[in-house]
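# Structure assessment
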2 protein chains.
Amino acid sequence: MSMTIKEICSKVTPPDEAVLEEARKRTASLLMPERALGELHAVSEKLCALSGTLTPDVKRKAFLVFAGDHGVVAEGVSAYPQEVTAQMIKAFISGKAAINVLAGMIGAEVFVVDAGVATDIDAQIKKDKRFFDRKTARGTRNFAEGPAMARNEAEKALIAGFELASDVFGEGVAMLGLGDMGIGNTTAASAIGAAVTGRPLEEMTGKGTGIAEETLRHKREVIKKAIEVNRPDRKDALDVLSKVGGFEIAGIAGAALAGAVHKRVVVIDGLISTAGALVAHGLCPAVSAYLFAGHESEEPGHKHMLSHLGLRPLLRLGMRLGEGTGAALAMHLIVSASRIIQDMGTFEDMGVSGAL
Amino acid sequence: MSMTIKEICSKVTPPDEAVLEEARKRTASLLMPERALGELHAVSEKLCALSGTLTPDVKRKAFLVFAGDHGVVAEGVSAYPQEVTAQMIKAFISGKAAINVLAGMIGAEVFVVDAGVATDIDAQIKKDKRFFDRKTARGTRNFAEGPAMARNEAEKALIAGFELASDVFGEGVAMLGLGDMGIGNTTAASAIGAAVTGRPLEEMTGKGTGIAEETLRHKREVIKKAIEVNRPDRKDALDVLSKVGGFEIAGIAGAALAGAVHKRVVVIDGLISTAGALVAHGLCPAVSAYLFAGHESEEPGHKHMLSHLGLRPLLRLGMRLGEGTGAALAMHLIVSASRIIQDMGTFEDMGVSGAL
């Protein structure tokens, strides 16, 4: 029996304030000038608070790369044909995509989820234990003309992501990265970002995989039309998701909620992953305490979306790939932060003189 | 027989432009939208160019942490007593300092160099194979009153760093991080930064390990006086180094030159490490092609010094510790960049459709 979204949200509790306070004291005792490792200390302390211990575990790592197709590609908003979504699933399973290389660097497993790809997936891939078939529908409808999906489809796709991520945590994964693949999905993510933050489309829409200036203007027009036609209610995250979202974004939102329920670390990636986190946050604002922002992407809307979530990105490398790649690079910093607070000596232990 | 600085510089040649061009072509073929991993591609390609191959090696990693004391502490410019320099050497050897934890994350060895510590080093530590005694003098003189060291002392300390780093590369280390320890050394590094870039002291001087606002004003006055008294010649890097520098900064400058001579990767860290790189660059501008900037520190002058070197920092985490810590975190990104260009599939290999 699946939980409802309401039941899921009722299980999310805030992190442990007393442990956060203890973690800050521990940081202050470490053998270095006060908070000299900057942002790394905030990461250490957040890890302690969310897991309720001064010895947070981030050892076993995995990625869920959610894939979905988008009816809005009919409007000519992407530089790539829709068939690439399914082709990239093959590449993820073969281990030759960017996320495989970067996850491999930190010993993280990569799982791929068909959340709503438009085409059939090869039988060979469907048998692979790193592939999960959670197809809610064969792509969304063109949201420039009406809702991307029905409200119950959005809920179904979100719950599927929640349950899958819960299983992954149940297997012992301590830190989960959330990646995406889906031709057209920066259009959906920008629409969610604009709807939720209320910021102008000029600030929220970028060139995605690399469209021309003219196509960018058209993409903004398409999103403007989608918002006028569908009138998503920013106070109702499921309404926003169903009207201008995507199935992979729904899965990511569910997986983000699973981290908060299970009190595990979730690392979000770029624009699409963050759109999923915005949906999760709209349903349950406490989710931010369990999320880390891997990076700030080249997409102009991303920083505003992260700021809405109250998250500071760990990296700013001008990346715009998705798949979870920014989250994978950032996991090294998160593990480093966990080791700093656990393994360093203190002024007292080491007999080093303090400040004058 | 030691080489002279002039002989060292004559051995530095620019990186391979043809390999750089090939590396850019390889990046363009990889299974992702054009340059979608942002800065990571520039790192991959620089690695290829400097090592003259499309399969750059950054496997074996080490840190040289150069330590030195500063006569200018007599002016009351630091928050910590001078004895901390020697105490921290003990901590580095015990493995409990921040650099040990962060170097451990990437499997890098940490070596500590007494380049000019004011006090004696414990006999126990002097026997440790991770410790190198390259003491040129027992700390610098107070440069608010006259030159920090004689010109031949600066040269001796620099050559010692060059030879030590050359030995480390000779042992098979492919990527070397340059760290520092020295109470008072942000005063020396800021003075070098101001002298070399010609920028105003307000932009170039910060709070170091965490001095009060009033001490910061005093620190600026001390540097102003030092520059007036010594009149360092910005066209003569050895003059700048000897008048307002430090022995650890000299060692770092020499080690940076060793990377360029041996065509290996050198990762610089914060303000002090970068001051050493500025000296190396003043002697031999081609050195920048072999340097990577680990991070941009919280010290306000650091970004101007990196910009003078033509380097873009990989991380911006508000760190201000030194020891090589920012370089250690960044090495993960550099290794990742080397794997991206070597291990990813291409559009062609993977049968994925290109842009429309």
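Residues numbered from 1 in each chain as written. Chains lettered and ligands numbered in written order. Predicted model: local features only at pLDDT ≥ 70, side-chain atom pairs only at ≥ 80, totals over all residues. Heavy atoms only, no water.

### Things to note about the packing of helix α15 (residues 325-343) of chain A against helix α15 (residues 325-343) of chain B
Short version of the rule: For helices, the fitted axis covers only the stretch in contact; all axes are lines through C-alpha atoms, and the angles between them, taken along N-to-C directions, range from 0 to 180 degrees. Starting at the N terminus, helices and strands are each numbered in turn, a helix being any DSSP run of H or I of at least four residues and a strand any DSSP run of E of at least two. Any angle that falls under 35 degrees is termed roughly parallel, while one over 145 is termed roughly antiparallel, one within 65 to 115 roughly perpendicular, and all others oblique. Note: crossing handedness is left-handed where the near helix turns anticlockwise from the far helix by less than a right angle, and right-handed where it turns clockwise. Two residues form a contact once any of their heavy atoms are found within 4.5 Å. Each residue is assigned to one class: nonpolar for Ala, Val, Leu, Ile, Met, Phe, Trp, Tyr, Cys and Pro, charged for Asp, Glu, Lys and Arg, and polar for all the others, Gly among them.
One way to put it is that α15 of chain A packs onto α15 of chain B with a least axis distance of 10 Å and a crossing angle of 155°. Put simply, α15 of chain A runs roughly antiparallel to α15 of chain B. Relative to α15 of chain B, the crossing made by α15 of chain A is right-handed. Along its contact with α15 of chain A, which presents L329, H332, L333 and S336 of chain A, the element α15 of chain B presents L329, H332, L333 and S336 of chain B. In the contact of α15 of chain A with α15 of chain B, the residues fall into four nonpolar, four polar and no charged.

### Some points on the nonpolar core
Filter applied, for reference: We call a set of buried Ala, Val, Leu, Ile, Met, Phe, Trp, Tyr and Cys residues a nonpolar core when their side-chain atoms join them within 4.5 Å. Classification of residues uses two cut-offs on accessible area relative to the type maximum, computed with a 1.4 Å probe and protein chains only: under 20% is buried, over 50% is exposed, and between them is partly exposed.
The biggest cluster of nonpolar side chains holds 276 residues, and the ones touching the most others in it are F63, L64 and I340 of chain A together with F63, L64 and I340 of chain B. Apart from the residues lying within four places of it in its own chain, the contact partners of I340 of chain A are L30, M32, L37, L40 and H41 of chain A together with A98, V101 and L102 of chain B.

### Quick look at the interface of chain A and chain B
It is common to give the size of an interface as the accessible area that goes away when the parts come together. Here is the rule we go by: Accessible area, probed at 1.4 Å, shrinks when two parts are joined; the buried area is that loss added up over both. Polar contact is defined as a pair of N or O atoms within 3.5 Å, subject to the rule that within protein one atom must be able to donate a hydrogen and the other to accept it, and that residues adjacent in sequence are counted only when both atoms are side-chain atoms.
Contacts between chain A and chain B engage 55 residues on the former and 55 residues on the latter. On the chain A side of the interface with chain B, the three residues burying the most area are M105, L317 and H332 of chain A, jointly 13% of the side's total. At the boundary of chain A and chain B, one finds 17 residue pairs in polar contact (both at pLDDT 80 or more). Of all the secondary-structure elements, those providing two or more residues to the side of chain A that touches chain B are α3 (39-51), α4 (84-94), α5 (98-105), α15 and α16 (347-350) of chain A. Sort the elements by how many residues they give to the side of chain A that touches chain B and α15 of chain A lands first, with nine residues.

### Thoughts on the pairing of strand β4 (residues 175-181) of chain B
Two faces, one strand: in a regular strand the side chains alternate between the faces of the sheet. All names here are of chain B. Put simply, the rule reads: In this scheme, strands are said to pair when DSSP sees at least two bridges between them.
Counting buried residues in β4 gives seven out of seven residues, a clear majority hidden from the surface. Taking every second residue as pointing to the same face, both faces of β4 are buried, with M175, G177, G179 and M181 on one and L176, L178 and D180 on the other. Relative to β4, strand β1 (residues 61-68) runs parallel, the two being bridged by seven bridges. Looking at the pairing, V65 lines up with G179 of β4. Bridge count for β4 against strand β5 (residues 265-268) is four bridges, and the pairing is parallel. Looking at β5, one finds that M175 is bridged to V265.

### Some thoughts on the packing of aromatic side chains
Test applied: Ring pairs are drawn from Phe, Tyr and Trp, using the six-membered ring of Trp, whenever the two centres fall within 6.5 Å, and their geometry is named by plane angle: stacked under 30 degrees, edge-to-face over 60, tilted for the rest. The rule for a charge over a ring is simple: NZ of Lys or CZ of Arg within 6 Å of the ring centre, and within 35 degrees of the ring normal.
In total, this model carries four aromatic pairs over all chains according to the counting rule given. Ring geometry for Y80 of chain A against F347 of chain B: centres 6.3 Å apart, planes inclined by 10°, an arrangement best described as stacked. Note that Y80 of chain A is positioned in the loop between β1 (61-68) and α4 and F347 of chain B in helix α16 (residues 347-350), a pairing that runs across two chains. Y80 of chain A gets classed as buried once you look at its relative accessible area, which sits at 10%. Judged by relative accessible area, which is 18%, F347 of chain B ranks as buried. Ring centres of F111 of chain B and F132 of chain B lie 5.8 Å apart, and the angle between their planes is 65°; this geometry places the pair in the edge-to-face category. Of this pair, F111 of chain B sits in strand β2 (residues 109-116) while F132 of chain B sits in strand β3 (residues 131-133), and the two are 21 residues apart along the sequence. The ring of F292 of chain A carries K46 of chain A above its face, with NZ or CZ at 4.8 Å from the centroid.

### Some thoughts on unusual backbone geometry
Residue and element names in this part refer to chain B. Positioned with a positive phi, R35 is a non-glycine residue whose angle comes to about 55°. Locating R35 in the fold gives a position in the loop between α2 (17-29) and α3 (39-51). Positive phi outside glycine occurs at R231, with the angle close to 45°.

### Focus on the pattern of salt bridges
Residue and element names in this part refer to chain A. Note the following rule: We define a salt bridge as a contact between a side-chain nitrogen of Lys or Arg and a carboxyl oxygen of Asp or Glu at a distance within 4 Å.
Summed over all chains, the structure comprises 30 salt bridges over all chains. Among the salt bridges present, the one from E39 reaches R312, with a minimum N-O distance of 2.4 Å. With E39 in helix α3 and R312 in the loop between α14 (302-309) and α15, the pair connects residues that are 273 residues apart, well separated along the chain. With a relative accessible area of 60%, R312 lands in the exposed category. Between E109 and R60 there is a salt bridge whose closest N-O contact spans 3.6 Å.

### Focus: the packing of helix α8 (residues 185-197) of chain A against helix α10 (residues 213-230) of chain A
All names here are of chain A. At a minimum axis separation of 10 Å, α8 and α10 run at an interaxial angle of 55°. Viewed along their axes, α8 and α10 adopt a mutual orientation that is oblique. Considering how the two elements wind past one another, α8 and α10 form a crossing that is right-handed. When α8 is examined against α10, the residues T186, T187, S190, A191 and A194 are found in contact with a partner set consisting of K219, I223 and I227. Grouping the constituent residues of the contact of α8 with α10 by class yields four nonpolar, three polar and one charged.

### Points about the sheet that holds β1 of chain A
Backbone-to-backbone hydrogen bonds pair the strands of a sheet. The strands run either parallel or antiparallel. All names here are of chain A. Reading across the sheet, the six strands line up as β3-β2-β1-β4-β5-β6 and stay open at both edges, with parallel pairing between neighbours. Whereas interior strands pair on both sides, the edge strands pair on one side only; in this sheet they are β3 (131-133) and β6 (291-293). Between one strand axis and the next, the sheet turns through 25° on average, direction left out of account. Sheet topology places strand β2 (residues 109-116) next to β3; three bridges connect them, and they run parallel. Across the sheet, the residue bridging to V113 is F132, located in β3.

### Examining the environment of G282 of chain A
Note that G282 of chain A resides in helix α13 (residues 271-283). G282 of chain A gets classed as partly exposed once you look at its relative accessible area, which sits at 44%.

### Remarks on the relation of the copies chain A and chain B
As a reminder of what qualifies: The copies are overlaid by a least-squares fit using only the C-alpha atoms of residues whose pLDDT is at least 70 in both copies.
Between the two copies, chain A and chain B, the superposition gives an RMSD of 0.0 Å; the rotation angle is 180° and the shift along the axis is 0.0 Å. Expressed as a symmetry operation, the mapping of one chain copy onto the other fits a two-fold axis. Taking the C-alpha atom as reference, chain A places L315 of chain A closest to the rotation axis, 3.2 Å from it.

### Quick word on α4 of chain A
Taking burial as the measure, the 11 residues of α4 of chain A include nine buried ones, the bulk of the element. Backbone geometry just downstream of α4 of chain A places G95 of chain A in the positive-phi region, at approximately 85°.

### Some details on the side chain of D114 of chain A
All names here are of chain A. Structurally, the position occupied by D114 is in strand β2. Using a relative accessible area of 0% as the deciding quantity, one classes D114 as buried. Of the polar contacts made by the side chain of D114, one reaches the backbone nitrogen of G116; its length is 3.0 Å. Within the structure, the side chain of D114 is placed 2.9 Å from the side chain of K135, a separation counted as a polar contact. Filtering out sequence-adjacent residues up to four positions away, D114 remains in contact with A67, I121, F131, F132, D133, R134 and K135.

### So, the sheet that holds strand β6 (residues 291-293) of chain B
Residue and element names in this part refer to chain B. One open sheet holds the six strands; their spatial order is β3-β2-β1-β4-β5-β6, and the pairing between them is parallel. If you trace the sheet from one side to the other, it starts and ends with β3 and β6, each paired once. Each adjacent strand pair in this sheet contributes to an overall mean axis angle of 25°, direction not counted. Contacting β1, β2, β4, β5 and β6, helix α12 (residues 247-262) crosses the sheet at an angle of about 170° to β4.

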